[in-house]
Amino acid sequence: LPQIVAAMRAHAANAGVQEKACCALINITFSDDARRQVAADAEALPQIVAAICTHAGNVDVQQSACRALCNMTSGNDARASRRQWTRPGCSWLLRRCARTRPAQP
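First, a word on scope: everything that follows refers to the structure included in this document.

Calculation notes
Residue numbering note: each chain is counted from 1, following its sequence as written. The predicted origin of the model limits local features to residues at a pLDDT of at least 70 and limits the giving and counting of side-chain atom pairs to 80 or more, whereas totals for whole chains, interfaces and linings rest on all residues. With hydrogens and water excluded, all non-hydrogen atoms of the structure serve as input to the side-chain values. Only C-alpha atoms enter the line fits that serve as axes; for helices the fit covers just the stretch in contact. Angles between N-to-C directions range over 0 to 180 degrees. Only DSSP runs of H or I covering at least 4 residues are called helices, and only runs of E covering at least 2 are called strands; the numbering of each starts at the N terminus. Angles are sorted into four bins: roughly parallel if under 35 degrees, roughly antiparallel if over 145, roughly perpendicular if 65 to 115, and oblique for all others. Here a crossing is called left-handed whenever its near helix is offset anticlockwise from the far helix by less than a right angle, and right-handed whenever the offset is clockwise. Only heavy atoms matter for contacts: two residues are in contact if any of them lie within 4.5 Å across the pair. As a working rule, the residues Ala, Val, Leu, Ile, Met, Phe, Trp, Tyr, Cys and Pro are called nonpolar, Asp, Glu, Lys and Arg charged, and the rest polar, with Gly in that last group. Nonpolar cores are built from buried Ala, Val, Leu, Ile, Met, Phe, Trp, Tyr and Cys residues. Side-chain atoms within 4.5 Å join them into one set. Each residue's exposure class comes from its accessible area (1.4 Å probe, protein chains only) as a fraction of the maximum for that residue type: buried when under 20%, exposed when over 50%, partly exposed otherwise. One fewer than the residue count of a helix, multiplied by 1.5 Å, yields its expected span. The arc refers to the directions leading from the helix axis to the C-beta atoms. Pairs of N or O atoms are called polar contacts if they sit within 3.5 Å, as long as, within protein, a hydrogen donor faces a hydrogen acceptor (for residues adjacent in sequence, only side-chain-to-side-chain pairs). By salt bridge we mean one thing: a side-chain nitrogen of Lys or Arg within 4 Å of a carboxyl oxygen of Asp or Glu.

1. Some remarks on the packing of helix H4 (residues 44-54) against helix H5 (residues 59-72)
Two measures define how a pair of helices packs: the angle their axes make with one another and the distance between the axes.
Moving on, step 1. At a minimum axis distance of 9 Å, the contact between H4 and H5 shows a crossing angle of 155°. Between H4 and H5, the angle falls in the class roughly antiparallel. Crossing hand, H4 versus H5: left-handed. For the pair formed by H4 and H5, the contact residues are Ala44, Leu45, Ile48, Ala51 and Ile52 on the first element and Val61, Gln62, Ala65, Cys66, Ala68, Leu69 and Met72 on the second.
Moving on, step 2. Split into classes, the residues belonging to the contact of H4 with H5 amount to 11 nonpolar, 1 polar and no charged.

Written out as structure tokens, the structure is:
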């Protein structure tokens, strides 16, 4: 996980890297509270926020980043609420992602 976050940080202007990194985070953090916390400890949340802001016009980055953000800030463990609300920008981004999420077929 630290390598994914490092790649996001090093290649912040590259939409492809941001999308693929967010996709990796989606898969790694799906239904796994421990991995969600490891990703949060690696500072993945601020990088996801940065990807959303930097690539506001890129639909693929927006969708992947919003899904990664939703995965990372959910969970049933005791630290889930801290992941959700203590990182800069997460509360308004979660609301934005919920509003813009594509309808499921």
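After that view of the structure, there is still more to cover.
2. Brief notes about the nonpolar core
Moving on, step 1. Met8, Leu25, Ile48 and Met72 are the most contacted members of the largest nonpolar core, which has 21 residues in total.
Moving on, step 2. The greatest single-element share of this core, amounting to 6 residues, is contributed by H5.
Moving on, step 3. Those residues within four positions of Ile48 in sequence are excluded, and the remaining contacts are Met8, Cys22, Leu25, Ala65, Ala68, Leu69 and Met72.

3. So, helix H2 (residues 15-29)
Moving on, step 1. If you check H2, its first and last C-alpha atoms are 21 Å apart, about what 15 residues at 1.5 Å a residue would give, namely 21 Å.
Moving on, step 2. For H2, the full list of buried residues reads Gln18, Glu19, Ala21, Cys22, Leu25, Ile26 and Thr29. End-on, the buried residues of H2 take up no more than an arc of 165°, which puts them together on one face. With respect to the buried face of H2, the exposed residues turned more than 90 degrees away are Lys20 and Asn27.
Moving on, step 3. Where H2 is buried, its residues touch helix H1 (2-10), helix H3 (33-41), H4 and H5.
Moving on, step 4. Capping the start of H2, Asn14 holds a side-chain oxygen 2.9 Å from the backbone nitrogen of Gly16, two or three residues further along.
Moving on, step 5. One or two steps after H2, the chain reaches Ser31, where phi turns positive at roughly 55°.

4. Observations concerning the pattern of salt bridges
Moving on, step 1. Tallying each qualifying case throughout the model produces 2 salt bridges.
Moving on, step 2. Ionic pairing is found between Arg35 and Asp32, a salt bridge with its closest N-O pair at 3.5 Å.
Moving on, step 3. A salt bridge links Arg36 to Asp33, with the nearest nitrogen and oxygen atoms 2.5 Å apart. Of this pair, Arg36 and Asp33 both sit in helix H3, 3 residues apart, which is roughly one turn of the helix.
Moving on, step 4. By relative accessible area, which is 23% here, Asp33 ends up partly exposed.

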